[in-house]
There are 4 protein chains.
Amino acid sequence: MADVKRKDRIGIGLIGSGFMGRCHANAFAAAPVLFDLPAMPVRAILADATEEAAEAGARALGFERATADWEALISDDAVDIIAITAPNVLHEPMAMAAIAARKTVYCEKPLSITAASARRMTEAAEAAGVVTSVGFNFLRNPMIRLAKDIITSGEIGEITGFRGRHAENYMASPDAPHSFRTDPLGGGAVADIGSHIISIARYLLGPIAEVSADCRTIYPDRPVSHRSAERRAVEVDDMTHALVRFASGVSGSLEANWAATGRTMDLSFEISGSKGAVAFSQEHMNELLVFSGSGASAGYKRIEAGPLHTPYDRFCPAPGHHLGFNDLKVIEVADLIESHVSNGQCMPDFREALAVQETVEAIQEASKARTWVRFSTSRSM
Amino acid sequence: MADVKRKDRIGIGLIGSGFMGRCHANAFAAAPVLFDLPAMPVRAILADATEEAAEAGARALGFERATADWEALISDDAVDIIAITAPNVLHEPMAMAAIAARKTVYCEKPLSITAASARRMTEAAEAAGVVTSVGFNFLRNPMIRLAKDIITSGEIGEITGFRGRHAENYMASPDAPHSFRTDPLGGGAVADIGSHIISIARYLLGPIAEVSADCRTIYPDRPVSHRSAERRAVEVDDMTHALVRFASGVSGSLEANWAATGRTMDLSFEISGSKGAVAFSQEHMNELLVFSGSGASAGYKRIEAGPLHTPYDRFCPAPGHHLGFNDLKVIEVADLIESHVSNGQCMPDFREALAVQETVEAIQEASKARTWVRFSTSRSM
Amino acid sequence: MADVKRKDRIGIGLIGSGFMGRCHANAFAAAPVLFDLPAMPVRAILADATEEAAEAGARALGFERATADWEALISDDAVDIIAITAPNVLHEPMAMAAIAARKTVYCEKPLSITAASARRMTEAAEAAGVVTSVGFNFLRNPMIRLAKDIITSGEIGEITGFRGRHAENYMASPDAPHSFRTDPLGGGAVADIGSHIISIARYLLGPIAEVSADCRTIYPDRPVSHRSAERRAVEVDDMTHALVRFASGVSGSLEANWAATGRTMDLSFEISGSKGAVAFSQEHMNELLVFSGSGASAGYKRIEAGPLHTPYDRFCPAPGHHLGFNDLKVIEVADLIESHVSNGQCMPDFREALAVQETVEAIQEASKARTWVRFSTSRSM
Amino acid sequence: MADVKRKDRIGIGLIGSGFMGRCHANAFAAAPVLFDLPAMPVRAILADATEEAAEAGARALGFERATADWEALISDDAVDIIAITAPNVLHEPMAMAAIAARKTVYCEKPLSITAASARRMTEAAEAAGVVTSVGFNFLRNPMIRLAKDIITSGEIGEITGFRGRHAENYMASPDAPHSFRTDPLGGGAVADIGSHIISIARYLLGPIAEVSADCRTIYPDRPVSHRSAERRAVEVDDMTHALVRFASGVSGSLEANWAATGRTMDLSFEISGSKGAVAFSQEHMNELLVFSGSGASAGYKRIEAGPLHTPYDRFCPAPGHHLGFNDLKVIEVADLIESHVSNGQCMPDFREALAVQETVEAIQEASKARTWVRFSTSRSM
């Protein structure tokens, strides 16, 4: 019976223990089991708004220590990576403190409430040379990577058209209440979930350069809180439709919609080329549809995720066994640990998240101006 | 053994014997067998560009007489209904002659090459009081009618969003040659097939009042004819994406695309409301997807066409037996015969087709102007 | 204006004007428009149970004359092809009379109520040398032909497994009444619809040689007629599951089920081979799913029906426009006319229908005996 | 900054560090983060065939100690739960030792290589009163639980028919080599994956009481190992089709097939009742299809997994975010920990796994005897 020599420890400091905090904690627990990581992430400190919340969260999520003082967490020597799942408005001060402490920063999307804020964060991180990562987890799906490979390989020819969408229904009822999501600072459907399809569009086709848009508030007011009779005006969009032109010349449309009754996760795209096409929906996240060929036997092929689609093989050696949402976060964390140890770039980083945010703001601006807006993003790829 | 007393005869004069001509002839043959029509359509005269083509066409399509003189066809006493499947540029003179002869006019879409021309035809037809019908056959699908019933019933609540598309791939290759489809007069994807999704959008949600659009020519030139080495510039759109606002306030997007590699007939829509949604694609034309309800058992329901969805029952008494494309034309012709006999309105008529064309032109204008265009159509419903 | 020279006339005598009679009449009307037939079928005489029914039917379905005397119809010189859509128990005497009159016989499935009867009909027809055709219309689908081509080509390797089903729901309610379908002579799910999947299985994989089966009556009694309070015992199966071994050694399962709640037309199969697979369901009758290849981009391909899949092109020159159920009957009638004129074999003929019926009876026998039954059919292909 | 008080520790001893070992380790790491467990599972000792393998496995999977002596692991005081992922032939001695040590036993399926062996294990465990659990993880899917709830509620009426299948393609090639899967002792498709669909069938509809079956070896020999030129005869089935009668009288079919080219995980069923139906495939494991209702708006409803389907909510508070295969194991482990702490029954336990194995053997016996086999299982529910 031998004691096992452990890998070097990387201390994780997690801020926030809500849905995303738990998702992070699970990823930090699972990633070292599933991936052959160069070091062992250890759940060191959890910070939350109060001591009680922090201790309850730390106990539930397997952290060693708890605190209500996120600045103490950041400066603690036991912590190497700062994972930020706090409200969006706090992302900038937290990230700035972590950067100042020369720590790796892993921040949930959106990077911040405005592009200006995100730009400050990006520039500070780059000046300090710290590793950054932003939680656009849907990009981690091996099927998205497969789509990218197919596009890059030329299999579907010159890309001609794009049709992207992120539609859910969590605000479809006029009685869904206000929350951070409807905060005029950084809220709205296009910022909240439109950012996901924008990040995928950029990953697959490069930067968007021109937009026309229609950001629409469907319900003029909503309850101030769950079941409240008091209603307050809504200042953000529930449903945004946009026309997009990529820098490459590809044209298409993009929708961000949190009032799409019947849709729980239609984060989807169809990309057509002169010789073929790829299509995907997060509703069937373990499949990619690929069209190529011609003649009597041409057709859309449904490719199921399997061990040939790295890093699916880390989760299961047999095809058809399905990755789930939380697994995407595990992949994200495994990449983060690799980048932290090698001090290399982790994509999407702050700069990429800034470019997404700039795209969101261009869409919002185009909608206000009722005209096309041409813009360039901080990363032109 | 008794001779059977025939119903009154309605003489059909068909101009054109191409794809659509054959489709019309088939519908005139099948409709009286499947529907209990008030009179019997008889394939009387077929006109085509030459005597030879006309005689061959008439023989193949079961017409009694043939002519290369469409004016003679129109004025012949044996003809009561003029069915026009000739090139678009001829729709106006043919329809005008038929109207002058006080005959029912059944014209393929688009009604004409410009809205101005379509307006002249509409006004002439209304002044003369003749019955008109335009071949937007996809509207005849019982599943589209079911969608309309569901929307009208309030089952899916207040309508909030629209997402419509007609995408095919017949011009997806840069070597697909010029044809009437690429004629600067009335050609292009948004006119050719965009008109179908516009007609459906209007049928389901009423007139579109405002658009922003991006009409794009993907391939700057195409062969002048099949396999020709000579190429000529393309002046029309291959792919159009538009933002739409309906007069009702509903917002959404619309795509017309004949270069959508992998799509043969994605004439589709998703319409969401505060309580539910409906979705449809012509790729599965015998199904309507309907979302309603809430809680643990809510989900999109796949309703298969059956005899409860009139007039499916005219084709088959059992569900699941599928209507096909040509059956839609049979329904269209059955409606036409009913309207002809009762001298009643047949929808979509010339005025409705004009409104579709005005919408097409507003989209084209918005794309040129790079700004939103507000407009009103000739029928505001 | 020229009169059109007609093709030679082929007189059609149709017996029965119910669902299938109408379906036949429509096919005889449409086939000459859509196909380039060597002669023109003319709806000459319709026979039904009474003079009134026959005249009403003939008027509705476009026949020249009507009679309550089917023997007169058969012997009438104006009639060349006898189309039988009468109750199953009458198929034998009608077909025998037609054969005696040396006329082409086009009989609805099942060929007769017992294999013994079907054998008498087959032998008489072959002795007389008349053309025969049996209405297994689902075989006419170009997608089924494509499946056959793919299997024959070796693309999916050596065939290993079969999974077939015909499931509908028209008898799923315990209150669905008795009808000819529940007649102990020739009734039951396996005879009524099992015959369809058997005919497809034979077409694609050759004869079935051994079966074990479970023919089950779900509801012991049913109303004697619609809404009747009187109930009578059911003697036939509602739901049959069978194990099958083909003569080729391929193994699999087969289901015939008219009590499959939720299924309107799941006439489906999946056939696997050492290198690939094909799958089909009549629920999406314009698609064939084909799996071939291996590696990271292997997947089931969804092939949509189009003009490259003969004879789809007779209905439409563009893909994606969908054939419907009635179109299958049009193809069947076009084949019949070709065979009649050339005096050639029309498949499936009486002998093939007999082999299907022998397979049905082997299944029924295996279920009664509770053991495997080995058998051979009248056509071993 | 407060240290966090930990929950009581439960020591885990894992035997085996292959695919399933890793899957277990991941579940033991993730379950305490995602579930509010009554105690904290700690990865104490990992045993594997050699010291090297054990130490490497322990390091990779996060265990404190490693050993090549599984008996030492079982008797170690630091271990409370024995998780067995070793070869099937070792399940009995390992479980017997664990039972003798009065430890909770968590064994991968199949429980053992024969029903006789499984019976010995079951009886020993019950005599000792230890908690047992067997890894039929697909049962843990909330969608399967939803299907059960729907069936139990009566929503789909009296159950009438069953159609079940587990089809994969990992042995579809004649060159897939021998492995433990083809061992005459406990191997073959019906034992390996047929057991999954049998366990689901039993969970949803109760015990199967009678079977007829066709267990078939497609390829008479296979390479003795990967890429070996030497081939050895295959003694087990590649593809089994069976007819089943449940004790309740429900009839149906069942397929187990590891040579189903094109299928990676078609673990699927369709269960019909007098008023509705449910259908599921693991290929879309986050959906359940439910048919109920009648009339023009009846249709199969696609219910997506969400937080209302316990314990999906432990993984994500929003619907549509998908559980994956490994998450099913997390649920299994959470149930195991609960049962261990409460000393309560964990389902499926050894007795249930024994009943599955008895069903497998009845199928094998029926195939050999070429007749129906009536049997009863050790749990008749």
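Predicted, not measured: the structure shown is a model, and the values here were computed from it.

Calculation notes
Residues numbered from 1 in each chain as written. Chains lettered and ligands numbered in written order. Predicted model: local features only at pLDDT ≥ 70, side-chain atom pairs only at ≥ 80, totals over all residues. Heavy atoms only, no water. Pairing = 2+ DSSP bridges. Helix = DSSP H or I, 4+ residues; strand = E, 2+ residues; numbered from the N terminus. Contact = heavy atoms within 4.5 Å. Axes fitted to C-alpha atoms, helices over the stretch in contact; angles between N-to-C directions. Least-squares fit on C-alpha atoms with pLDDT ≥ 70 in both. Patch = residues over 30% accessible without salt bridge, like charges linked within 9 Å, V, L, I, M, F, W, Y side chains within 5 Å. Areas by Shrake-Rupley, 256 points an atom, 1.4 Å probe, with all protein chains shown as cover. Salt bridge = Lys/Arg side-chain N within 4 Å of Asp/Glu carboxyl O. Lys, Arg positive; Asp, Glu negative; His and termini not counted. Charge placed at Lys NZ, Arg CZ, Asp CG, Glu CD. Phe/Tyr/Trp six-rings, centres within 6.5 Å; stacked < 30°, edge-to-face > 60°. Buried < 20%, exposed > 50% of the residue type's maximum accessible area, 1.4 Å probe, protein only. Lys NZ or Arg CZ within 6 Å of the ring centre and 35° of its normal. Buried area = accessible area lost by both parts, 1.4 Å probe. Nonpolar A, V, L, I, M, F, W, Y, C, P; charged D, E, K, R; others polar.

**Q** Quick one: what's the story with the sheet that holds strand β6 (residues 104-107) of chain C, residue by residue and with numbers?
**A** Taken in spatial order, the seven strands make up an open sheet running β1(B)-β4(C)-β3(C)-β2(C)-β5(C)-β6(C)-β7(C), and their pairing is mixed. Each end of this open sheet is capped by a strand with a single partner; those strands are β1 (2-3) of chain B together with β7 (132-134) of chain C. Sheet topology places β6(C) next to β7(C); three bridges connect them, and they run parallel. Its bridge partner lying in β7(C), C:Cys107 is registered against C:Val134.

**Q** Got a sec to walk through the sheet that holds strand β3 (residues 40-47) of chain D? Specific residues and values, please.
**A** Spatial strand order, β1(A)-β4(D)-β3(D)-β2(D)-β5(D)-β6(D)-β7(D): seven strands in an open sheet with mixed pairing. Of all the strands in the sheet, just β1 (2-3) of chain A together with β7 (132-134) of chain D have a single pairing partner and so form its edges. Pairing of strand β2 (residues 9-15) of chain D with β3(D), which is carried by seven bridges, proceeds in the parallel orientation. Bridge assignment links D:Ile10 to a residue of β3(D), and that residue is D:Pro41. The strands that helix α10 (residues 325-342) of chain D touches are β2, β3, β5 (81-84), β6 (104-107) and β7 of chain D; relative to β6(D), the one it contacts most, it runs at about 165°.

**Q** Which residues make up the relation of the copies chain C and chain B, and what are the values?
**A** With an RMSD of 0.0 Å, chain C superimposes on chain B once it is rotated by 180° and translated 0.0 Å along the axis. Such a turn and shift between the copies fits a two-fold axis. In terms of proximity to the rotation axis, the leading residue of chain C is C:Gly324, whose C-alpha is 1.9 Å off the axis. Of the residues that chain C buries at the interface, 100% are likewise interface residues in chain B, meaning the two copies contact each other through the same surface.

**Q** Lay out a negative patch on the surface in plain terms, naming residues and giving numbers.
**A** A cluster of acidic residues, A:Glu51, A:Glu52, A:Glu55, A:Asp69 and A:Glu71, forms a negative patch on the protein surface. It is helix α2 (residues 51-61) of chain A that contributes the most residues to the negative patch, three residues altogether.

**Q** Can you explain the packing of aromatic side chains? Please cite residues and give values.
**A** Within the structure shown, the criterion is met by 32 aromatic pairs over all chains. With a centroid separation of 6.3 Å and an interplanar angle of 40°, the aromatic rings of A:Phe19 and A:Phe325 are classed as tilted. With A:Phe19 in helix α1 (residues 19-34) and A:Phe325 in helix α10 (residues 325-342), the pair connects residues that are 306 residues apart, well separated along the chain. Judged by its relative accessible area of 4%, A:Phe325 falls in the buried class. Ring centres of A:Phe28 and A:Tyr106 lie 6.2 Å apart, and the angle between their planes is 80°; this geometry places the pair in the edge-to-face category. One end of the pair, A:Phe28, is in helix α1; the other, A:Tyr106, is in strand β6 (residues 104-107), with 78 residues separating them in the sequence. Pair check on accessibility: A:Phe28 and A:Tyr106 agree, each one buried. Feature note: the residues A:Phe19, A:Phe138 and A:Phe325 constitute an aromatic cluster, connected by ring pairs. One Lys or Arg, A:Arg314, reaches over the ring of A:Phe35 and ends 5.8 Å from the middle of that ring. We note A:Arg370 situated over the ring of B:Trp372; from NZ or CZ to the ring centre the distance is 3.9 Å.

**Q** Run through the interface of chain D and chain A, naming residues and quoting values.
**A** Taken together, the contact between chain D and chain A spans 57 residues of the former and 57 residues of the latter. Both sides together, the interface formed by chain D and chain A hides about 4,900 Å², and carbon and sulfur atoms give 52% of it. For D:Arg302, the salt bridge identified is with A:Glu283, shortest N-O distance 3.1 Å. Among the residues making up the side of chain D that touches chain A, the classes are represented as 26 nonpolar, 12 polar and 19 charged. Relative to strand β4 (residues 65-67) of chain D, β1(A) runs antiparallel, the two being bridged by two bridges. Counterpart to A:Asp3 in the pairing with β4(D) is D:Arg65.

**Q** Report on unusual backbone geometry, specifying residues and quantitative values.
**A** Note that the residue after A:Met347, namely A:Pro348, is joined by a cis bond; omega there is -5°. Within the element layout of this structure, A:Pro348 appears in the loop between α10 and α11 (350-369). With an omega of 0°, the peptide bond running from D:Thr310 to D:Pro311 counts as cis. Position of D:Pro311 relative to the elements: it lies in the loop between β17 (299-304) and α9 (312-315). Positive phi, normally seen in glycine, also occurs at A:His322, with a value near 65°. Here A:His322 is to be found in the loop between α9 (312-315) and α10. The phi angle at B:Arg370 is positive, at roughly 55°, despite the residue not being glycine. If you trace the backbone, B:Arg370 turns up in the loop between α11 (350-369) and β18 (373-374).

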